[in-house]
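# Structure at a glance
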Amino acid sequence: MKAIEIRNKYLKFFENHGHKIIPSAPVIPENDPSVLFTTAGMQPLVPYLLGEKHPSGTRLTDFQKCVRTNDIDEVGDNRHLTYFEMLGNWSLGDYFKDESISMSYEFLTKELGIPSEKLSVTCFAGDKDCGRDNVAFEAWKRAGIPEERIYFFEKDDNWWIAGEEGPCGPDTEMFYDTGKEKCSPECNPACGCGKYVEIWNNVFMEFYKDKNGYTKLKQQNVDTGLGLERMTMLLQGKETPFEIELFAPVMEKLVKLQKEDLIQSRRIVAEHLRSSMMIINDGGRPSNVDRGYILRRLLRRMTRHLNKLGIDLNILSEIIDTSIEALKELYPELDTNREVIKSVIIGEKDKFIKTLQNGEREFEKVASKTKNAGKKVIDTDAVFNLYETYGFPPEMTEELAKEQGLEVDMSDYQKLFAEHQEKSRMGSEQKFKGGLASTGEMETKYHTATHLLNAALKVVLGEHVHQKGSNITAERMRFDFSHGAKMTDEEKQKTEDLVNEYISKNIPVERMEMKKEEALALGAEAMFLDKYGDIVTVYKIGDVSIELCGGPHVSSTGELGHFKIKKEEASSAGVRRIKAILD
Ligand code: SER
């Protein structure tokens with residue numbers, strides 16, 4: 001079965017079971033700008049898991065495009081991916097464990113035809129925060145899984161939360177038995193030996209965790225996630241995702257083009273290319289910060305490995321075409337945006353080649369210094385610095401050193417590298433934490449202020465102003481918008497006064513649901529049109545503002561306090577950025 005068939009079967013199955021199909025959110029989250037990427041299907045749905053009403057109802061199903069970059073450096077092995085698609089079905093206070101488990105079992109065995117004997121499942125063993133999940137246990141038995149293939153594990157294995165705070169709960173996970181020998185008599189689904197492969201995770205989200213501990217949510221939710229690539233691989237009897245139709249054509253092309261036979265490099269190229277295309281397609285661009293930096297790393301690592309394979313970098317455009325052909329059935333938007341995707345990737349490749357040239361110059365300096373000091377070995381710090389500052393790979397440093405009769409000291413390299421990795425990992429976890437937890441009172445106020453600012457800018461600067469991005473913390477807001485010139489002091493003052501005037505009028509903020517066409521006919525602002533379903537949520541603030549938006553918002557503008565613009569600056573070509581506070 002091809003990936004597209006599995007996806008279609010999944011959505012159809014849940015549609016037949018009363019679920020509404022909702023579109024995937026972009027991999028770059030729009031309501032949660034402090035998060036780097038959408039990492040799970042539940043992320044765009046957090047407000048609804050917490051109790052807000054979803055315009056499409058209480059039973060939803062979707063495929064979600066996800067990017068997880070904590071393990072970038074693991075890609076190249078036989079399983080890690082930075083981009084993947086997660087199929088999900090959702091109960092927002094509707095069905096709970098019994099129905100969720102019986103539907104999962106039916107889908108796996110009847111729709112996908114997986115023999116029941118191939119399935120093992122795990123449930124939550126219970127602790128002081130939440131009891132042993134006997135309900136899930138009974139439901140699995142009723143479905144047809146015998147007791148000896150139902151395992152119980154602690155929070156480490158059978159509890160799901162995104163980051164440190166947020167909606168969470170015990171989960172039940174489904175495993176596919178590959179038929180390999182048990183690695184030991186104790187071997188079980190929690191063992192990493194590869195006999196058991198996790199295929200689906202149903203989270204019973206009825207708790208909320210914050211720094212004080214766990215509380216019950218208003219409603220009992222179900223959040224499930226099934227990794228599309230992995231399921232496709234198993235059903236096709238393949239050992240790695242790189243052998244399925246989404247990657248195989250690129251892998252084969254690389255084999256034809258390569259001068260060196262390096263399987264890891266081929267995987268890295270194929271995987272990072274796909275991930276980068278998906279990020280670029282949703283508006284990501286390479287830069288030196290945050291998600292732009294991750295995209296840059298992906299593209300540079302890809303270029304380096306093309307180099308390692310000995311592939312002429314001028315053929316990149318053809319390789320991109322091959323990848324788009326393999327993916328366009330799942331993501332037709334890649335085909336539509338082919339030219340933009342190509343120009344971003346090739347532009348970054350060209351920049352990287354320049355960086356490599358700078359790196360070589362720096363290397364020359366390091367090499368002569370080493371020789372002048374009468375040494376024969378380039379020390380680890382210098383090798384690492386070349387990597388970190390110039391993106392100059394240690395293999396290349398080593399190769400160049402050899403040509404000059406020098407060696408490199410790699411003894412501490414791994415240690416430095418691990419420290420560096422840990423720092424960036426901590427950085428992204430920090431982000432994630434901030435993002436999902438950020439539905440506090442101040443963030444909500446800033447969210448409403450964003451709508452007022454958007455409206456005020458249209459009055460002061462003109463109707464060409466549209467939101468291009470935003471970033472909110474409890475301390476401040478940042479707002480990017482389309483406008484070609486620096487704002488004058490007078491324009492800034494007028495904008496600030498106008499927002500404060502809207503606030504002082506204490507205008508009620510109304511939440512409405514309507515058809516997308518109706519909302520657009522009313523002139524509602526919408527930043528990402530494609531991602532909304534047919535029925536949309538609209539926030540209207542008197543006759544000042546009307547926007548498609550997931551919320552949350554304050555109930556009337558008077559709650560915001562005093563609005564102040566702190567800074568106005570360029571963000572990118574044709575886009576300005578305002579930083580502002582409420583005090
Ligand atoms: N949120 C869970 C996961 O990401 C299930 O969708 O695995």
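Residues numbered from 1 in each chain as written. Predicted model: local features only at pLDDT ≥ 70, side-chain atom pairs only at ≥ 80, totals over all residues. Heavy atoms only, no water.

A few words on the site of the ligand. Residues in contact with the ligand, as listed here, are Ala 40, Met 42, Arg 68, Met 86, Trp 160, Asn 201, Val 203, Asp 223, Thr 224 and Gly 225. Side-chain polar atom of Asp 223 to an oxygen atom of the ligand: 2.6 Å apart, as the coordinates give it. Across the complex, the protein chains shield 94% of the 240 Å² of accessible surface that the ligand would expose by itself. Only strand 8 (196–210) and strand 9 (213–227) provide two or more residues apiece to the shell around the ligand. (Near = heavy atom within 4 Å. Polar contact = N/O pair within 3.5 Å; in protein donor to acceptor, adjacent residues only side chain to side chain. Areas by Shrake-Rupley, 256 points an atom, 1.4 Å probe, with all protein chains shown as cover. Helix = DSSP H or I, 4+ residues; strand = E, 2+ residues; numbered from the N terminus.)

A few words on the sheet that holds strand 18 (residues 575–582). What the four strands build is an open sheet, ordered 12-13-18-17; its pairing is antiparallel. The open sheet has two edge strands, strand 12 (467–472) and strand 17 (563–572), and neither has a second partner. Averaged over all pairs of adjacent strands, the angle between strand axes in this sheet comes to 20°, irrespective of strand direction. Bridge count for strand 17 against strand 18 is eight bridges, and the pairing is antiparallel. Within strand 18, the residue paired with Lys 564 across the bridge is Ile 581. (Pairing = 2+ DSSP bridges. Axes fitted to C-alpha atoms, helices over the stretch in contact; angles between N-to-C directions.)

What follows is about the sheet that holds strand 15 (residues 535–541). Across the sheet, which stays open at both edges, the three strands sit in the order 14-15-16 with antiparallel pairing between neighbours. At either margin of the open sheet sits one strand with a lone partner, and together these are strand 14 (509–515) and strand 16 (545–548). On average, each strand axis in the sheet is inclined to that of its neighbour by 25°, with strand direction left out of account. Alignment of strand 14 against strand 15, held across seven bridges, turns out to be antiparallel. When the bridges of strand 15 are listed, Glu 513 appears paired with Thr 537.

Positionally, Ser 265 belongs in helix 8 (residues 263–281). Given the relative accessible area of 3%, Ser 265 is considered buried. With near-sequence residues (within four places) excluded, Ser 265 lies in contact with His 305, Lys 308 and Leu 309. (Buried < 20%, exposed > 50% of the residue type's maximum accessible area, 1.4 Å probe, protein only. Contact = heavy atoms within 4.5 Å.)

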